[in-house]
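In case you want the letters, here they are:
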Amino acid sequence: MKYKSNLKTSTSLIDLTPLVDVIFLMLIFFIVTSDILPFKSLNIESPQLEQDSAPLTTQLLLVMDADQVIYLGSKKEIVDFESLKDLLKHKIEAFKQDNRGQSPTLVLNVDRRVDYGLFLKLFSIAQECCPRIRLVYQPLEPA
């Protein structure tokens, strides 16, 4: 016994347009929600010293790269010198509220190619806002 089907065989291909749309939407979602500039992508050359660095506990990051761009916090917000003091005080107060009144250690990472005058300007602003500052450096490798 032979069954008859009313379906016609189709030689057309599967339409992938909806699939491509979904892929692009997912790509845009992941780009928007991810960290755009991880610190490892910043080309910072820290100076070298003969001692090893202490472990980090509660910290707030402040980074200046060789192009004099200032990044503040773990979200790497780009800040200029004029608004740095106010924003730094705001971040420290928010940090204290989140950590039961404990003051953060301000981790200051400045590229060694930055002009000394700019470093001092950044350091003085940091000193006004936070009593505990830690400078980042590279320990010398044993000879």
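Looking now at the overall build of the chain. When helices and strands are counted, the chain shows three helices and seven strands. Counted from the first residue to the last, the chain has its helices and strands arranged as α-β-β-β-β-α-β-α-β-β. Classification of the 143 residues of the chain by burial places 27% in the buried group. Long-range contacts, defined as pairs at least 24 residues apart, comprise 69% of the intrachain contacts of the chain with a sequence gap of at least 6. As displayed, the chain offers around 11,100 Å² of accessible surface, 57% of which is attributable to carbon and sulfur atoms.

Now for helix H3 (residues 116-129). Between the first and last C-alpha of H3 there are 20 Å, a value that for 14 residues agrees with the 20 Å anticipated at 1.5 Å per step. When H3 is considered as a whole, its buried residues turn out to be Phe-119, Leu-122, Ile-125, Ala-126 and Cys-129. Along the axis of H3, the buried residues cluster in a sector spanning 130°; they form a single face. On its buried face, H3 sits against strand E2 (59-64), strand E3 (70-72), helix H2 (81-98), strand E5 (105-110) and strand E6 (133-135).

Looking now at the pattern of salt bridges. On inspection of all chains with the given rule, the structure shows three salt bridges. Residues Lys-91 and Glu-77 are paired through a salt bridge, measuring 2.5 Å at the closest nitrogen-oxygen approach. A residue pair is termed long-range when its members are at least 10 positions apart, and Lys-91 in helix H2 and Glu-77 in strand E4 (residues 77-79) qualify at 14 residues. Under the relative-accessibility criterion, Lys-91 is labelled partly exposed at 22%. Accessibility expressed as a relative area gives 29% for Glu-77, which makes it partly exposed.

Now for the confidence of the model for the chain. In the predicted model, the chain carries a mean pLDDT of 81, and the fraction of residues at 70 or more is 85%. The lowest-confidence element of the chain is strand E1 (residues 48-49), averaging 70 in pLDDT; the highest-confidence one is H3, averaging 91.

This part takes up the nonpolar core. Core analysis: the largest hydrophobic core is formed by 20 residues, its most contacted members being Leu-62 and Leu-122. Mapped by element, the contributors of at least two residues to this core are E2, E3, H2, E5 and H3. The greatest single-element share of this core, amounting to five residues, is contributed by H3. What Leu-62 contacts, discounting residues up to four positions off in sequence, is Ile-70, Tyr-71, Leu-72, Leu-84, Leu-106, Val-107, Leu-108, Asn-109, Leu-122 and Ala-126.

Next up on the list: the environment of Ile-92. Summarising the element assignment, Ile-92 is placed in helix H2. Under the relative-accessibility criterion, Ile-92 is labelled buried at 5%. Excluding its chain neighbours within four sequence positions, the residues that come into contact with Ile-92 are Leu-60, Pro-104, Cys-129 and Cys-130.

Looking now at the pairing of E5. Among the six residues in E5, six count as buried, and that is most of the element. Here E5 shows no split at all, with Thr-105, Val-107 and Asn-109 on one side and Leu-106, Leu-108 and Val-110 on the other all buried. Across six bridges, the pairing between E2 and E5 is parallel. Looking at the pairing, Met-64 lines up with Val-110 of E5. Taken together, the three bridges between E5 and E6 define a ladder with parallel strand orientation. Across the sheet, residue Leu-106 finds its bridge partner in E6, namely Ile-133. A crossover connection joins E5 to the parallel E6 through H3; in handedness this β-α-β unit is right-handed.

Quick notes on the rules
Residues numbered from 1 in each chain as written. Predicted model: local features only at pLDDT ≥ 70, side-chain atom pairs only at ≥ 80, totals over all residues. Heavy atoms only, no water. Helix = DSSP H or I, 4+ residues; strand = E, 2+ residues; numbered from the N terminus. Buried < 20%, exposed > 50% of the residue type's maximum accessible area, 1.4 Å probe, protein only. Contact = heavy atoms within 4.5 Å. Areas by Shrake-Rupley, 256 points an atom, 1.4 Å probe, with all protein chains shown as cover. Expected span 1.5 Å × (residues − 1). Arc of directions from axis to C-beta. Salt bridge = Lys/Arg side-chain N within 4 Å of Asp/Glu carboxyl O. pLDDT = per-residue confidence, 0-100. Core = buried A, V, L, I, M, F, W, Y, C linked by side-chain atoms within 4.5 Å. Pairing = 2+ DSSP bridges. Right-handed = clockwise from strand over helix to strand, strands pointing away.

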